[in-house]
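# What the coordinates show
Here is what each chain is made of, one letter per residue.
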Amino acid sequence: MAQNKLIVSLSPHDHAKDSVSKIMFGVVIAMIPALLVSVYFFGLDAIRVNLIAIAACIFFEWIIQKFLLKGEVTITDGSAIVTGMLLAFNVPSNLPWWIIVIGAIVSIGVGKMSFGGLGNNPFNPALVGRVFLLISFPVQMTSWPKVQVLNFAMTDAQTGATPLAIVKEGIKNGESFSSIINNLPTSYSDMFFGQMGGSLGEISAIALIIGGLYMLYRKIITWHIPVSIIATVAIFTGILYGINPDKYADPLFHLLTGGLMLGAIFMATDMVTSPMTSKGMIIYGVGIGVITVLIRVWGAYPEGVSFAILIMNAFTPLINYYIKPKRFGEIVKK
Amino acid sequence: MLKTFPKGGVHPHENKFSAGKSIETIELPKQVSIPVSQHLGAPAQPVVNKGDEVKVGQLIAKSAGFISANIHSSVSGKVSKIEKILDSTGYKQTAIIIDVEGDEWLPEIDRSTELVEDIEKFTAEEIRAKVAEAGIVGLGGATFPTNVKISIPQGKVCENLIINAVECEPYLTSDHQLMLEKSDEIIVGARLLQKAAGAKKIYIGIENNKPDAIELMKKKAAKYQYIEVVALKVKYPQGGEKQLIKAVVNREVPSGGLPVDVGCVVQNVGTAYAVYEAVQKNKPLIERVVTVTGKSVSKPSNFLVRIGTPVSNLIEKAGGLPEDTGKIVNGGPMMGKAVKDLSIPVTKGTSGILIIKSDEAKRPKTYNCIRCARCVFVCPMGLEPYLIKNMATVGMYEELQNERVLDCMECGSCSYGCPAGVPLLDYIRLGKTNLNKILRSKKS
């Protein structure tokens, strides 16, 4: 008699067919275009770095949940894969395997599990790992292999600096931006498609934008964070370029180089560490944009997106505390 | 661009299987159980005793207070007992149980189908009195006594009467079908309500997934300049009073306020029909249209049902209880109540009986909140469900009040959309209930 087995629960009785793991695998799908571009330019090394990072992240999450926390193992939810891929996207393709593993330990162990796992971490785990590596292994982390189209021979490629570093160094030595950019081997369209030095996942703006559009379509992210970051960087650097075009790089250069697109579309939009309201997201994005430009133009490092995101991650609880959504029926003062 | 409310909302699968199925009258049951509390407010007071003979339409329980409603017998026969039975709320309520004998109606009830359009013979006062006498309550599900709603308090003005024909709950089609079959009567009912409330204009809000109803109502309303049919974009919970007012006339009911504060009164389309019958035909609220539906139901249908008929009769008529039944809901999937027994009676607020398959009846697995902010984005009241959940869990009641937890109308959009499967609304209800208790104890 079915009647004795009726389930009684509170409404709603329907649920959207979306889940944490569907969101995480959606992010993985969104990263595939950028992964393909990195394989195209960096060869099988790109796959090597990704596989090591993903495997290490899953492994350490499993170890920690199984033997340290002795709790439920949630490696199948896909979040460790996302962290692993993002970590891989943020390092040079010629990084030795043991440095990647150290990055994974820091990402998962320190960045994620020490706070209580998925959902409780205040900082983006992949960036925690990335910045730890950048500070600990500055030489290996900034020796970018030169891009060679479809070179699958796993030989040691030549290394060179990123366009951002070249421009920063040149301006410091008193050259004008226009002469530096004219001497660069990479044109703006090369940068747009990804033919330049850099971390393996950050090079191709177009691939990252395609991934971002996919996430927008799947409603994994909203437009607020990427648009506010990109607009802020464009406006801020535009003003500087307007003041002195010799001393400051133009906005397009800033948008296409370094980790800006990767950061704006994939790293800053990490749900766990970004604000909860649309207004808060815009403040957060503007903050990331401003700090990025400050570091790039006046800081010691040529690139500042990772630091900017981590700094604004720290402000997220404060933003959530002060910025409230517009309430329905709030009495508006006239 | 179709009108809608701007903030939040979700779009669940509509699954309107019973759409277009004409309203069938269901046979009289052998026995009806009529609860004395089918409305918001004080339960009605029984005025019949065990053994009394009653006729269809006879008053059997009298309104007991300002916010309360009369209850009438939906059948003719003998009162067999007055006892506590389980009803759709899950609690035991006093009910009048009547053994059905024949179908004898009170003589003053006009049972003809002839349309009576003339509303001039009644004053606003008389209409309100007749509505109160007939025990009419909001048939959309909230069951607030209608005569109270159309009695505009001193100092307030009702400019717009909004007829709620949105039917934003998935699966349900009773309002839709009623509009297709009783459009003339609904227009008269709306005009009666308008006169009683003193409104200048009537808006009929219908979601765009019912194009046939929109077209028909537009045609019927064409000869009245003051009636406007408004097609609305499909979005849940547009049938919420505050959301509907925002969508139709772009006014925001202030937090804690009533629609009349912005010059509006909202009435369900089924209520308008019941008002027509009460005023023009002297017929009290003794039957209503109920949708019986579900993915495995063999004959999803719209039935005209006497109040007090057991739900099991309806399910039988719709092809029987499917093998894979997991849950039975009184109402729609978003705001309906799960029932634990098939013997519960249809009441004034029963807009549908939804039978959910067992594989869809269980809640999703719960993960940690991943702070994706979907609950914040979908909340039509601009609240932060994740935050309210955390505060309710640890008992931060003062903060909950500042976060406007009492504005929540329990539409369930947050729980519906949560990818981590967190039952946010359960915790919000916990916070609301406890906060209300504290506020009441402070007052006394």
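Residues numbered from 1 in each chain as written. Chains lettered and ligands numbered in written order. Predicted model: local features only at pLDDT ≥ 70, side-chain atom pairs only at ≥ 80, totals over all residues.

## Some points on the overall build of chain B
Applied cut-off: Secondary structure elements follow DSSP: runs of H or I no shorter than four residues count as helices, runs of E no shorter than two count as strands, and numbering proceeds from the N terminus. Between the buried cut of 20 or more and the exposed cut of 12 or fewer other C-beta atoms within 10 Å of a residue's own C-beta lies the partly exposed class, and all C-beta atoms are placed from the backbone. Contact between residues is assigned whenever the C-beta positions, reconstructed from backbone atoms, fall within 7 Å.
A count of helical and extended segments in chain B gives 14 helices and 17 strands. In terms of principal-axis extent, the alpha carbons of chain B reach across some 65 × 50 × 50 Å. By the burial criterion, 55% of the 444 residues in chain B qualify as buried. Looking at chain B alone, contacts between residues at least 24 apart form 74% of all its contacts between residues at least 6 apart.

## Things to note about the nonpolar core
Using the following cut-off: By definition, a nonpolar core groups buried Ala, Val, Leu, Ile, Met, Phe, Trp, Tyr and Cys residues that connect through C-beta atoms lying within 7 Å of each other.
The biggest cluster of nonpolar side chains holds 229 residues, and the ones touching the most others in it are Ala53(A), Cys57(A), Leu161(B), Ile163(B), Ile204(B), Val275(B) and Leu314(B). Setting aside anything within four residues of it in sequence, one finds Leu161(B) in contact with Ala190(B), Leu193(B), Gln194(B), Ala197(B), Ala199(B), Ile202(B), Val265(B) and Gln267(B).

## Notes on the interface of chain B and chain A
A common measure of how large an interface is: the accessible area buried when the components associate. To keep it simple, the criterion reads: Think of it as three bins: nonpolar holds Ala, Val, Leu, Ile, Met, Phe, Trp, Tyr, Cys and Pro, charged holds Asp, Glu, Lys and Arg, and polar takes everything else, Gly as well.
With 52 residues of chain B at the interface, the matching set in chain A holds 33 residues. Counting residues per element, the ones that place at least two in the side of chain B that touches chain A are strand 15 (325–330), strand 16 (337–339), helix 13 (413–417) and helix 14 (424–443) of chain B. Per-class residue counts for the side of chain B that touches chain A are 28 nonpolar, 11 polar and 13 charged.

## Focus: the domain arrangement of chain A
Residue and element names in this part refer to chain A. For clarity, the cut-off: Note that the domain bounds were set by an automatic or database domain assignment.
Per the domain assignment, the segments of chain A are domain 1 (20–141) and domain 2 (171–322). Just the C-alpha atoms count here: the centres of domain 1 and domain 2 sit 21 Å apart. Contact residues are listed per partner, giving 30 residues for domain 1 and 29 residues for domain 2. Every element with two or more residues in the side of domain 1 that touches domain 2 is listed here: helix 1 (20–42), helix 2 (44–68), helix 3 (79–89) and helix 5 (125–136). Per-element tally for the side of domain 1 that touches domain 2: the top contributor is helix 1, with 12 residues. Of the residues in the side of domain 1 that touches domain 2, the class split is 22 nonpolar, seven polar and one charged.

## Overview of the packing of helix 4 (residues 183–197) of chain B against helix 5 (residues 211–221) of chain B
All names here are of chain B. Note the following rule: Working convention: axes come from line fits to C-alpha atoms, limited for helices to the stretch in contact. Angles between N-to-C directions cover 0 to 180 degrees. Relative orientations are named as follows: roughly parallel for angles under 35 degrees, roughly antiparallel for angles over 145 degrees, roughly perpendicular for angles from 65 to 115 degrees, and oblique for any other angle. Crossings are assigned a handedness: left-handed for a near helix turned anticlockwise from the far helix by less than a right angle, right-handed for a clockwise turn.
Between helix 4 and helix 5, the least distance of the axes is 10 Å, while the angle of their chain directions is 60 degrees. When the interaxial angle is binned, helix 4 and helix 5 end up oblique. The interaxial crossing formed by helix 4 with helix 5 has right-handed handedness. Between helix 4 and helix 5, the contacting residues are Ser183, Asp184 and Ile187 on the first element and Leu216, Met217, Lys220 and Ala221 on the second.

## Some remarks on the confidence of the model for chain B
Operational definition: As a per-residue measure, pLDDT tells how confident the predictor is, with possible values from 0 to 100.
On average, chain B scores 93 in pLDDT, and the residues at 70 or more come to 100%. Scoring of the predicted complex yields 0.90 for pTM and 0.89 for ipTM.

## A look at the domain arrangement of chain B
All names here are of chain B. On domain assignment, one finds that chain B holds domain 1 (29–100), domain 2 (124–281) and domain 3 (374–443). The C-alpha centroid of domain 2 is placed 27 Å from the C-alpha centroid of domain 1. Every contact between the two is made by 11 residues of domain 1 and, on the other side, eight residues of domain 2. Along the lines of polarity and charge, the residues of the side of domain 1 that touches domain 2 split into five nonpolar, six polar and no charged.

## Notes on the sheet that holds strand 5 (residues 59–62) of chain B
Residues and elements named next belong to chain B. In plain terms, the rule: A pair of strands is treated as paired once DSSP finds two or more bridges between them.
Spatial ordering of the open sheet is given by 3-5-6, a layout of three strands whose pairing is antiparallel. Lying at the two open borders of the sheet, with one neighbouring strand each, are strand 3 (45–46) and strand 6 (71–72). Across two bridges, the pairing between strand 3 and strand 5 is antiparallel. By the bridge assignment, Pro46 is partnered in strand 5 with Ala61.

## Observations concerning the environment of Asn320(A)
Here Asn320(A) shows up in helix 15 (residues 305–322). In this structure the C-alpha to C-alpha distance between Asn320(A) and Ser187(A), which are 133 residues apart in sequence, comes to 41 Å.

## Considering unusual backbone geometry
A negative phi angle characterises most non-glycine residues, just as the trans form characterises most peptide bonds. A cis amide bond, omega -5 degrees, links Ser11(A) with the succeeding residue Pro12(A). Summarising the element assignment, Pro12(A) is placed in the segment before helix 1. Residue Pro237(B) is reached from Tyr236(B) by a cis peptide bond, and omega for that bond is 0 degrees. Following the sequence through the fold, Pro237(B) ends up in the loop between strand 11 (227–232) and helix 6 (241–249). Backbone geometry places Lys219(A), a non-glycine residue, at a positive phi of 60 degrees. Turning to its location among the elements, Lys219(A) is positioned in the loop between helix 10 (205–217) and helix 11 (224–243).

## Side note on the packing of helix 3 of chain A against helix 5 of chain A
Helix packing for two helices is described by the angle between their axes and how far apart those axes are. All names here are of chain A. It is the contact of helix 3 with helix 5, at a shortest axis distance of 8 Å, that shows an interaxial angle of 35 degrees. The way helix 3 lies across helix 5 gives a crossing that is right-handed. On helix 5, the residues touching Thr83, Leu86 and Leu87 of helix 3 are Pro125, Ala126, Gly129 and Arg130. Class assignment of the residues belonging to the contact of helix 3 with helix 5 gives a composition of four nonpolar, two polar and one charged.

## Describing the environment of Cys168(B)
All names here are of chain B. Within the element layout of this structure, Cys168 appears in the loop between strand 9 (160–165) and helix 3 (174–181). By the C-beta count within 10 Å, which is 26 here, Cys168 ends up buried. Taking the C-alpha atoms as reference, Cys168 lies 22 Å from Leu40; in sequence the two are 128 residues apart. Non-local contacts of Cys168, meaning those with residues more than four positions away in its chain, are made with Glu207, Tyr236, Pro237, Gln238 and Gly239.

## Some details on the sheet that holds strand 16 of chain B
All names here are of chain B. If you walk across this open sheet you meet the six strands as 1-14-13-17-15-16, and the pairing is mixed. Either end of the sheet is taken by a strand with one partner, and the two such strands are strand 1 (24–25) and strand 16. Pairing geometry for strand 15 and strand 17 (residues 352–357), over five bridges, is antiparallel. Bridged to Ile328 within strand 17 is Ile355. Packed onto the sheet, helix 3 meets strand 13 (287–294), strand 14 (301–306) and strand 17 and runs at close to 125 degrees relative to strand 13.

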